[in-house]
Amino acid sequence: MISRLLSRFGVNRTVSIVRNEQKELNIAPVHHLDRAFKTATFGMGCFWGAESLYGGTRGVLRTTVGYAGGTKDQPTYRNLGDHTEVLEIDYDPTVISYQQLLHIFWNNHEYGLTTVIKRQYMSLILYHDDEQKQIAELSKAKEGKRRTPEVITTEIAPKRNFYPAEDYHQKYRLQGHRDLSETLNLNSKLLRTSYVATKLNGYLVGVGGVEQFKTEVDTMGLTPSQKEYCYHYIEKNEGQGLYC
């Protein structure tokens, strides 16, 4: 069954198959969940891996990669100025706390946590209110003691600006699955805001794993063929490390 499904997803006929399922079963991709949320902003190296990491985390509703922390107006990837690659995370605080998001932050830097590197990839926490500032500072102090004699280089600063990155950076791993992405009806806005795109961008590279995916898959608005396609790649990639 799976080999037949994968062959379908490798040809143009794939999209029409899923479209038929969507119509016959009255299923549509879920791009927005009407839940109260809070926002966190982190810089932890290349933002592709960070977006997948948090996207596959329970309680995370939306992720957007972009540039922040600097003074340049309207930065771009090729003209970043003094900004840093960051990830904005909208999360449900009844499911995951800011402290838990920080735990993931401290333990999943690709580089730069204890080594000074160029500003584009520096370790950065941009807090949204005084509560986040206090939690972040206490968390950094605790992490610093744990890592002694290493010295943490992470900067903590107020979040003053955020510029979404170019479309090709958003949900980068998901966009590698072109036929699946097309059947999700993604446009420029939804690449930044879609719930289902956020989740699949993490799950497809193995974040969260199969058992966790089972607990969330029915919230995403996927057809049977889309689900089976996703299960194949989650099983294949579960346990592998993230990379950029």
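Under an unreviewed UniProt entry, the chain has the name peptide-methionine (S)-S-oxide reductase and belongs to Glossina fuscipes. Entered under Sequence similarities (unreviewed entry) in the UniProt record, the comment concerning the chain runs "Belongs to the MsrA Met sulfoxide reductase family."

Trainee: Explain the packing of helix α3 (residues 47-55) against helix α9 (residues 195-203) to me, and be specific about the residues and the numbers.
Mentor: When two helices pack together, their arrangement is given by the angle between their axes and by how far apart the axes lie. Closest axis-to-axis distance for the α3/α9 pair is 7 Å, and the angle between their directions is 105 degrees. In terms of orientation, α3 lies roughly perpendicular with respect to α9. Residues Glu51, Ser52 and Gly55 of α3 touch α9, and the partners they reach there are Thr198, Lys199, Asn201 and Gly202. Class assignment of the residues belonging to the contact of α3 with α9 gives a composition of no nonpolar, five polar and two charged.

Trainee: Lay out the environment of Lys118 in plain terms, naming residues and giving numbers.
Mentor: Position of Lys118 among the secondary structure elements: in the loop between α4 (98-106) and β4 (123-127). For the pair Lys118 and Glu143, spaced 25 residues apart in sequence, the C-alpha to C-alpha distance is 22 Å.

Trainee: Run through the state of the cysteines, naming residues and quoting values.
Mentor: Under the criterion given, the structure shown has one disulfide. In this model, Cys46 is linked to Cys244 through a disulfide, with the two sulfur atoms separated by 2.2 Å. Of note, the bridge from Cys46 to Cys244 carries an S-S torsion of about -95 degrees and is left-handed in sense. Linking Cys46 in the loop between β1 (38-44) and α3 with Cys244 in the segment after α11 (224-237), this pair joins segments that are 198 residues apart in sequence. The exposure class assigned to Cys46 is buried, which follows from its relative accessible area of 11%.

Trainee: Residues and numbers for the side chain of His83, please.
Mentor: Residue position: His83 is located in the loop between β2 (60-68) and β3 (84-91). Looking at His83, its side chain comes within polar contact range of the main-chain nitrogen of Gly70, at 2.9 Å. Among the polar contacts listed, one links the side chain of His83 to the backbone oxygen of Lys72, at a separation of 2.7 Å. Apart from residues lying up to four places away in sequence, His83 is in contact with Tyr67, Ala68, Gly69, Gly70, Thr71, Lys72, Pro75, Arg119, Gln120, Asn161 and Tyr163.

Each value, and the rule that gives it
- Residues numbered from 1 in each chain as written.
- Predicted model: local features only at pLDDT ≥ 70, side-chain atom pairs only at ≥ 80, totals over all residues.
- Heavy atoms only, no water.
- UniProt positions renumbered as here; feature names shortened; annotations may be inferred.
- Axes fitted to C-alpha atoms, helices over the stretch in contact; angles between N-to-C directions.
- Helix = DSSP H or I, 4+ residues; strand = E, 2+ residues; numbered from the N terminus.
- Parallel < 35°, antiparallel > 145°, perpendicular 65-115°, else oblique.
- Contact = heavy atoms within 4.5 Å.
- Nonpolar A, V, L, I, M, F, W, Y, C, P; charged D, E, K, R; others polar.
- Disulfide = S-S within 2.5 Å.
- Buried < 20%, exposed > 50% of the residue type's maximum accessible area, 1.4 Å probe, protein only.
- Polar contact = N/O pair within 3.5 Å; in protein donor to acceptor, adjacent residues only side chain to side chain.

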